[in-house]
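Architecture at a glance
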Amino acid sequence: MMLAVQPRRLLSRPRGLLLFATFAATLYWLLLHGSSTPQTATRFDGSSGPVQPPLKDNTEVKQAPLPANDPSAGEQNQQPQVEIQQQKTEEEKQKEEEQREENLRGQFDKEYDALAQEPGADILFGQTLNTLEPTKKRSLTIEEHLTPAIYKTYFSDHQPYVYNPYPKYNEKTWLVDRAQYVHCEGPSSASGDDVLVFQGQPKDFPDPGFGSYDVLGMDGNLCYERETRLGIYGFQADNDTSNPSIDWDKIHWGQLQEKCAQKNKARYNMQGHSNPFLSNVYSRQETNYSDADSNSESDLSLSESPQDNEGPDESRPLHRKRGLPEQPKPGNSKHLAGSEPRTALLLRTYTGKDYSENDMQVIRSLITELSLRTGGQYQVFLFVHVKDTAYAIWDDEETYQYVLQRSVPPEFRDIAVLWNDEATQTMYPKIDPNKATVHVSQWLSVQKFAQEFPEFDYIWNWEIDARVTGHNYDFVEKLATFAKRQPRRGLWERNERYYIPSIHGDYDSQFRKEVEHISGKDTVWGPPKLPFVNPIGPKPPVAKPEDDNYKWGVGEEADLITVAPIFNPINSSWISGNELWGFNDSTHATTDLPRRATIVTHSRVSKKLLDIMHVENLRGNHISSEMVTQTTALLHGLKAVYAPMPVFFDRPWKGKDLARWFNGGLKGESGGIGSAMGWGREARYRGSTWYYRANPPQRLYLNLMGWEDTNVGGEDWEETHGRPCLPPMLLHPIKDIEPTPPGYKSESNLPYS
């Protein structure tokens, strides 16, 4: 009788191990390859199907090669050859395109360098009071703004003028639909001394390449010099060792602004109104408003807000936390009859910034000229991005104050509002946190501000590295007035190209007609029809734009004002052109969304536009910084205007060449194919006075402040050539304005794409 083999004994022997291993391997092979029927597995939904390993996105399932005698083997073998050929063709096309772009860059550089040898090259620099011609641009002069000063300066024989661009407050015409204007106190009891200016322009100062003083109704026959412009705000010459007349550290600009607004509260709706679009445009479930506000920590209700206090409390912090404001009671949500709109100017800054004397002088000028002199029509805030996420500024007041004390000069602490990415990410739970950062989503923080400070009808998003050489009030008001008088017919088409006076002619006639002729039927007339957007803007009064005699929109305040073209980024090669998320449905891809953009986010935005941007973000629809205001205005039928401010160049470009390089689109627009904002093309802006990568702004401003840059400026140079002066213009970028050493030459440190 044979005994059964005990498993333990079998496995304990070498031969037994070999037999078992062979058996196991055979069984494993049969299970994997013995049947052509794929395995099935029951899924969580109760269905079943073939088991297939998970694939990464866009990964194709590869098939094993067919046997050589299979009739379809030839076709399969040809497939890779076709794919290889297609790949080669695409690579060749890409190389051809790269070469074409390289040729364009080379051609621009060649023309730019050639113009450096022409008369008029670099004539933008070194213009001084010594060559001032008071009547050079006489047609631009607004005489009623100028009053001869009672004294002359020690550095020029030219007559200085007191410049007063403000309305004639409290005259009969003023009081027809406004309450009385009340004078406000400034840091030295008066609301501020007057800015002085010289009439005229230096003899050889060039005309702007883009934009126009005349079109904006701005006095361009003026020249601003550093001492007469900024002396009342603390500017002192480098060799002036006298003590300042004001101890600026003891000034509380927030108190001054709020007292001023309170004195003039009869002119404004000081409470503001809640966001009307949270429930009447889309469903509350879709906006997820309650979820966004469920963790709010608002510690400052409207009943405690500045406008409800007769006198501001020095100890009260100027901040409102994550939550939305308490909604005004029914009946108080509408503007008061005849009330004037108010505008907040958010001066964007950040923790870790070292404030130069010039920075502080400029901030003082903004507050004085925009807020105190207007009786609170504007209010200036230092909008401070807290970059270090380790500071829990929302958890306790002590942390908030610690960051504030370390980050902001004493005189500006009560106008500072701190914010961080955590606050915006909390407010918009449907947006990917990685996309809700200042680098991608600069406007989220502004939207948060608009919800928490609903008393402001408009908000200026103001770059701290920008400088207005002229009068702040005159500059921003002229932009707003221009935008208000623009008709909507052909507006989006005019917006998308630089206005070049030398070739476009009169803005309201020749330029308007030329743009309409080129655009043809390809024009925006009301919002695009999209099933996932419910526009809040007005409907066109007539079916076709040609049936409107340039009436619709005239007298309507703009919801968006930019200082550069509002261009179409599609096919422009602009690097951020596809940075948008949401805005889709089963029949519309996100990347099919009509959109617009502007380079540099420096712009004025209405509360209406910010409110609907807030709602779209609560829905999960999101667009990056340079596109969001423009695109949202387009989708919702709101009024957006590019105000063609003067932009100057360091080369004597002819108008037709500027159009070729900067309005290079298929229909003469600045966007689309050939856009100067496209990848590899932005170096074209290096000689302009406005872009985020440009050289003239820094040079011009350093010279204006009395310091040497690129062989121009400085004490010795000025003894020979005179004091530099500049007409009103907006310059960007300007960094680190400090005295320079001999031989200093500034240049943009940012690489060109």
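These numbers were taken from a predicted model, which means no experiment stands behind them. (Residues numbered from 1 in each chain as written. Predicted model: local features only at pLDDT ≥ 70, side-chain atom pairs only at ≥ 80, totals over all residues. Heavy atoms only, no water.)

Some words on the state of the cysteines
Considering all chains together, one arrives at two disulfides under this definition. Bridging cysteine 184 to cysteine 260, the disulfide has an S-S length of 2.0 Å. Disulfide cysteine 184 to cysteine 260: torsion about the S-S bond roughly 80 degrees, handedness right-handed. Residue cysteine 184 is located in the loop between helix H4 (172–175) and strand E6 (195–199), and its partner cysteine 260 is located in helix H7 (residues 253–263); the two are separated by 76 residues in the primary sequence. Grouping residues by exposure puts cysteine 184 and cysteine 260 together as buried. The disulfide bridge from cysteine 223 ends at cysteine 725, spanning 2.2 Å between sulfur atoms. (Disulfide = S-S within 2.5 Å. Helix = DSSP H or I, 4+ residues; strand = E, 2+ residues; numbered from the N terminus. Buried < 20%, exposed > 50% of the residue type's maximum accessible area, 1.4 Å probe, protein only.)

Comments concerning unusual backbone geometry
Both trends apply: most residues other than glycine have a negative phi, and most peptide bonds are in trans. Here the residue pair histidine 732 and proline 733 is connected by a cis peptide bond, since its omega of 5 degrees sits within 30 degrees of zero. Tracing the backbone through its elements, the reader meets proline 733 in the segment after strand E19 (730–731). Phi is positive for aspartate 122, which is not a glycine, with a value near 60 degrees. Along the chain, aspartate 122 turns up in the loop between helix H3 (73–115) and strand E3 (132–133).

A look at the nonpolar core
In terms of nonpolar packing, the biggest core is built from 166 residues, with Leu382 and Phe449 touching the most fellow members. Beyond its immediate stretch of four places on either side in the chain, phenylalanine 449 contacts Ala344, Leu346, Phe381, Phe383, Val417, Phe456 and Ile459. Phe155, Phe198, Cys223 and Cys725 belong to the second-largest nonpolar core, a separate cluster that totals six residues. (Core = buried A, V, L, I, M, F, W, Y, C linked by side-chain atoms within 4.5 Å. Contact = heavy atoms within 4.5 Å.)

Points about the sheet that holds strand E5 (residues 160–163)
Reading across from one edge, E4-E5-E6-E8 is the order of the four strands in this open sheet, with antiparallel pairing throughout. Taken across any chain shown, the strands that pair with only one partner, and hence form the sheet edges, are strand E4 (146–148) and strand E8 (222–223). Bridge count between E5 and E6: four bridges; the pairing is antiparallel. Residue pairing across strands places proline 160 opposite phenylalanine 198, the latter belonging to E6. (Pairing = 2+ DSSP bridges.)

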